Amino acid sequence: MEPRPWGVVAHNTATTSQNKIHDDDVARKYGFRGGLVPGVDDYAYLSHVPVELWGLDFLARGTLSARFAQPVYEGDRVEVRPGAVTAKGGDLQLTLDLVDPDGTVCATGVATLHEKADPGGEDVRLTDAGDGAGPNPEPTAASPESLAVGTVLALRDRTFDADAEAGYLDAVRETLDLYAAERVAHPGWLLRLANSVLAMNVRLGPWIHVGSTAHHLDVVRHGDRLATRAVVTDEWEKKGHRFVALDVRVSRLTDDGPTPVVRIDHTAIYQPRS
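Residues numbered from 1 in each chain as written. Predicted model: local features only at pLDDT ≥ 70, side-chain atom pairs only at ≥ 80, totals over all residues. Heavy atoms only, no water.

Caption draft 1: Inspection of the overall build of the protein at higher detail. Assigned secondary structure in the protein consists of six helices and 11 strands. Against the compact-globule benchmark of 19 Å for 274 residues, the protein has a radius of gyration of 18 Å, which places it among compact chains. For the protein, the spread of C-alpha atoms along the three principal axes comes to 50 × 50 × 35 Å. Looking at the protein as a whole, 50% of its 274 residues are labelled buried. Long-range pairs, those at least 24 residues apart, make up 71% of the contacts in the protein between residues at least 6 apart in sequence. Carbon and sulfur atoms form 48% of the exposed surface of the protein, whose accessible area is close to 12,400 Å². The protein carries 28 positive and 40 negative side-chain charges, and their two centres are separated by 4 Å. (Helix = DSSP H or I, 4+ residues; strand = E, 2+ residues; numbered from the N terminus. Rg over C-alpha atoms; globule rule 2.2 N^0.38 Å. Buried < 20%, exposed > 50% of the residue type's maximum accessible area, 1.4 Å probe, protein only. Contact = heavy atoms within 4.5 Å. Areas by Shrake-Rupley, 256 points an atom, 1.4 Å probe, with all protein chains shown as cover. Lys, Arg positive; Asp, Glu negative; His and termini not counted. Charge placed at Lys NZ, Arg CZ, Asp CG, Glu CD.)

Now the structure itself:
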């Protein structure tokens, strides 16, 4: 099967989010046309093509790396355009392009299907994945100090509910039957955990997700209890923006202990230039 392009009308799922970069009025103050469609949803659009091509195999041992170059807005007609799958490594080049007016490339991606799950880096345990730790109960403002390299962040453990995810699938305009039929988690849903582990541990103003690489290590199925932990791997300033990079680990919790299901390298502008 050859990879096929896929078109979608973009939808801003985060208009009521605490992140006001998705609000029209606030986003315009930062020079945007309106509220930004979340990067995690642009990522969800990109994931449609490799999942259609490789199915559950991709959710068990695939990698998708994406970078967001230009904003996508509510109602934009966009298309995920695949290149040819390379023989070496199985890399599939992807772009997320505006259909109108000029084919602007809004995001780029590379999807890879590995022979076996690739953790994509040193396999370190950030914390005891089964300790039930939640987010910081008294988060401080995001800053170079609160996001210093080595800072550990956590979410409260949660259970993946495929029935509840039906609303998510509609929101990101997913049309593949696989998710409902197999009752498995969407890559975009898992990526939202990386956003949450940042947003729930420090106080943020408007902020912008700029890129992620997710290494899928096992399929997440209905009823799986998940622990999310992260560590800050970098924090820097560039052209007036402050950036943060996280190494995020999501693990399935069982009586036999935690099993990693996805590792995510997650990058955001946590303090945009005014």
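Caption draft 2: Up close: the pairing of strand S9 (residues 225-238). Bridge analysis of strand S6 (residues 152-154) against S9 gives three bridges, and the strand direction is antiparallel. Bridging across to S9, Ala 154 finds its partner in Arg 229. Pairing of strand S7 (residues 158-159) with S9 involves two bridges; the strand directions are antiparallel. Bridge assignment links Thr 159 to a residue of S9, and that residue is Arg 225. As paired elements, S9 and strand S10 (residues 241-254) share 12 bridges and run antiparallel to each other. Note that in S10 the partner of Thr 228 across the bridge is Val 250. The antiparallel hairpin formed by S9 and S10 contains two residues in its connecting segment, where Lys 239 sits at a positive phi of about 55°. (Pairing = 2+ DSSP bridges.)

Caption draft 3: Highlighting the pattern of salt bridges. Enumeration over the complete set of coordinates arrives at 16 salt bridges. Notably, a salt bridge pairs Asp 218 with Arg 252, separated by 3.1 Å at the nearest N-O pair. Of this pair, Asp 218 sits in the loop between strand S8 (208-216) and S9 while Arg 252 sits in strand S10, and the two are 34 residues apart along the sequence. Notably, a salt bridge pairs Arg 252 with Asp 224, separated by 3.0 Å at the nearest N-O pair. Remark: Asp 224 occurs in the loop between S8 and S9 and Arg 252 occurs in strand S10; sequence separation between them is 28 residues. (Salt bridge = Lys/Arg side-chain N within 4 Å of Asp/Glu carboxyl O.)

Caption draft 4: Spotlight on the side chain of His 241. Relative to the assigned elements, His 241 resides in strand S10. Given the relative accessible area of 17%, His 241 is considered buried. Residues contacting His 241, with those up to four places away along its chain left out, are Trp 236, Ile 269, Gln 271, Pro 272 and Arg 273.

Caption draft 5: Structural context of the packing of aromatic side chains. One pass over the full model with this rule turns up three aromatic pairs. An angle of 20° between the planes, with centres 6.0 Å apart, marks the rings of Trp 54 and Phe 58 as stacked. By relative accessible area, Trp 54 is classed as buried at 18%. Geometrically, the ring pair formed by Phe 160 and Trp 189 is edge-to-face, given 5.0 Å between the ring centres and 70° between the ring planes. (Phe/Tyr/Trp six-rings, centres within 6.5 Å; stacked < 30°, edge-to-face > 60°.)

Caption draft 6: Unusual backbone geometry, seen in detail. Its identity is not glycine, yet Arg 173 carries a phi of approximately 60°, on the positive side. Within the fold, Arg 173 resides in the loop between helix H4 (165-171) and helix H5 (178-182). Despite not being glycine, Lys 239 shows a phi value in the positive range, around 55°. In this fold, Lys 239 is placed in the loop between S9 and S10.

Caption draft 7: Layout of helix H2 (residues 39-54). Along its 16 residues, H2 runs 23 Å from first to last C-alpha, staying within 8% of the 22 Å computed at 1.5 Å per residue. Along H2, the helix axis deviates most sharply at Ser 47, where the bend reaches about 30°; the proline Pro 50 sits within four residues downstream. The buried fraction of H2 is high, at 16 of 16 residues. (Expected span 1.5 Å × (residues − 1). Bend = angle between axes of the 7 residues up to and from the residue.)

Caption draft 8: Structural context of the pairing of strand S4 (residues 91-98). For strand S3 (residues 77-85) and S4, the ladder comprises six bridges, and the chain directions are antiparallel. For Val 80, the partnering residue across the bridge sits in S4 and is Leu 96. Following S4, the chain reverses through six residues before pairing antiparallel with strand S5 (residues 105-113); Gly 103 in that reversal takes a positive phi of roughly 70°.

Caption draft 9: A look at the environment of Trp 236. With respect to the helices and strands, the residue Trp 236 is situated in strand S9. For the pair Trp 236 and Trp 6, spaced 230 residues apart in the sequence, the C-alpha separation amounts to 36 Å. Non-local contacts of Trp 236, meaning those with residues more than four positions away in its chain, are made with His 241, Arg 242, Phe 243, Val 244, Ala 245 and Thr 267.

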